[in-house]
Amino acid sequence: MLAAEIVGYRPLAFRIPVSADNGVFEAGLQGPNRRSLTQRSVREIDDREAEAILVAAEHGIETSWKVEGNGVQGMSDHGQQSLTVEDRPFDAVQRARRDMRLRATVLPAYNFRCALTGLAQRDHRNAFEADCCHIYEVSDGGADVPTNAMLIIKSLHWAVDHFLISFEDDFRIIASPLLEEKYRAMLHEDLTARVPSDPSLRPSLKALRRHRAHYWKLHS
């Protein structure tokens, strides 16, 4: 038996079914006990399934796997959110919720593709491999807002976090001599990150400049 106390909720913009044409949102409901599971008021789903549901709920079923964009690049801090938070809760559940909310915005903003490579690898549950890579480090109080994040595949996320990759104000990629050739070869040929066409969702200039200053400090 399970008992749940509802302490808060956020209405979803779209009703989410068990599955859609391109995939299954709750794979656990596809087994032999599907009927009994679907009748439960409370059931456990994994983080990747929750992430897919949140993305679909924010942007619609048809945009859960693909969102078209015009690829416009540009620089702007107009209308962007604060990059830092003074008090970051340490509660793991709150952290997971914040991460999922951030991904629900960042994934479609980047057309579900890595900003550095254009890759859009996903698994059988339509969970994407790419991470929301913070530019202004979380350890220093960086906020979970789209303007402080880029969608980047896991291997290059590590490279950004460790200042092997940084960015110019126009989103051109700066690659450290220490970056191995196999990773360098994955980058866009023009060495320019693909960012959202909406200026309010692009990486903040403040974040880019802070990251770049640390990069040059390490590589001077």
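Trainee: It is not clear to me how the overall build of the protein chain should be interpreted in this structure. Could you clarify?
Mentor: When you go through the protein chain residue by residue, the secondary structure sums to six helices and six strands. In sequence order, the secondary structure elements of the protein chain are arranged as β-β-α-α-α-β-β-α-β-β-α-α. Within the protein chain, residue pairs in contact and separated by at least 24 positions form 72% of the contacts whose partners lie at least 6 positions apart. Of the roughly 13,000 Å² of accessible surface on the protein chain, 51% is carried by carbon and sulfur atoms.

Trainee: Can you walk me through the pattern of salt bridges in this structure?
Mentor: Throughout the structure, instances matching the rule amount to eight salt bridges. Of the charged contacts, one joins Asp169 and Arg212 as a salt bridge, the two residues approaching to 3.0 Å between their closest N and O atoms. Separated by 43 residues along the polypeptide, Asp169 in the loop between β5 (165–167) and β6 (173–175) and Arg212 in helix α6 (residues 205–219) bring together distant segments of the chain. The pair Asp169 / Arg212 is uniform in exposure class, with both members buried. One network of salt bridges, in which partners are shared, links Glu168, Asp169, Arg209 and Arg212.

Trainee: Just checking my understanding: could you explain unusual backbone geometry for this structure?
Mentor: Comment: phi is negative for the bulk of residues other than glycine, and the bulk of peptide bonds are trans. Here Phe112, not a glycine, exhibits a phi torsion of approximately 60 degrees, which is positive. Along the chain, the position of Phe112 falls in the loop between α3 (92–109) and β3 (131–134). One non-glycine residue, Phe163, adopts positive backbone phi at about 60 degrees. For Phe163, a relative accessible area of 7% translates into the label buried.

Trainee: Which parts of the structure should I look at to understand the state of the cysteines?
Mentor: Two cysteines joined by a covalent bond between their sulfur atoms form a disulfide. Within this structure, the stated rule accounts for zero disulfides. Cysteine Cys132 is unpaired, with the sulfur of Cys133 as its nearest cysteine sulfur at 9.1 Å.

Trainee: Where do I start with the nonpolar core in this structure?
Mentor: Side chains that are nonpolar tend, in soluble globular proteins, to be buried together. The biggest cluster of nonpolar side chains holds 34 residues, and the ones touching the most others in it are Leu116, Met150, Ile165 and Phe167. Not counting residues within four places of it along the chain, the set of residues in contact with Phe167 comprises Leu116, Met150, Val160, Arg172, Ile173, Ile174, Ala193, Leu208 and Arg212. Within the second largest apolar cluster, five residues are counted, among which are Ile16, Phe25, Ala52 and Ile53.

Trainee: I'm lost on the confidence of the model for the protein chain in this one. Help?
Mentor: Low pLDDT marks regions whose predicted coordinates should not be analysed in detail. On average, residues of the protein chain score 77 in pLDDT, and 62% of them reach the 70 mark or higher. Across residues 86–93, confidence stays below pLDDT 50; counting only partners more than four residues off in sequence or on other chains, it has nine contacts.

Trainee: Looking at this structure, how should I read the environment of Leu156?
Mentor: As for its placement among the helices and strands, Leu156 is situated in helix α4 (residues 154–161). For Leu156, a relative accessible area of 0% puts it in the buried group. The spacing of Leu156 and Arg184 is 28 residues in sequence and 9.6 Å in space, taken between C-alpha atoms.

Trainee: What is the right way to look at the environment of Asn111 in this model?
Mentor: Mapped onto the secondary structure, Asn111 falls in the loop between α3 and β3. Spatially, the C-alpha atom of Asn111 lies 9.7 Å from that of Arg194, the residues being 83 residues apart in sequence.

Basis of the calculations
- Residues numbered from 1 in each chain as written.
- Predicted model: local features only at pLDDT ≥ 70, side-chain atom pairs only at ≥ 80, totals over all residues.
- Heavy atoms only, no water.
- Helix = DSSP H or I, 4+ residues; strand = E, 2+ residues; numbered from the N terminus.
- Contact = heavy atoms within 4.5 Å.
- Areas by Shrake-Rupley, 256 points an atom, 1.4 Å probe, with all protein chains shown as cover.
- Salt bridge = Lys/Arg side-chain N within 4 Å of Asp/Glu carboxyl O.
- Buried < 20%, exposed > 50% of the residue type's maximum accessible area, 1.4 Å probe, protein only.
- Disulfide = S-S within 2.5 Å.
- Core = buried A, V, L, I, M, F, W, Y, C linked by side-chain atoms within 4.5 Å.
- pLDDT = per-residue confidence, 0-100.

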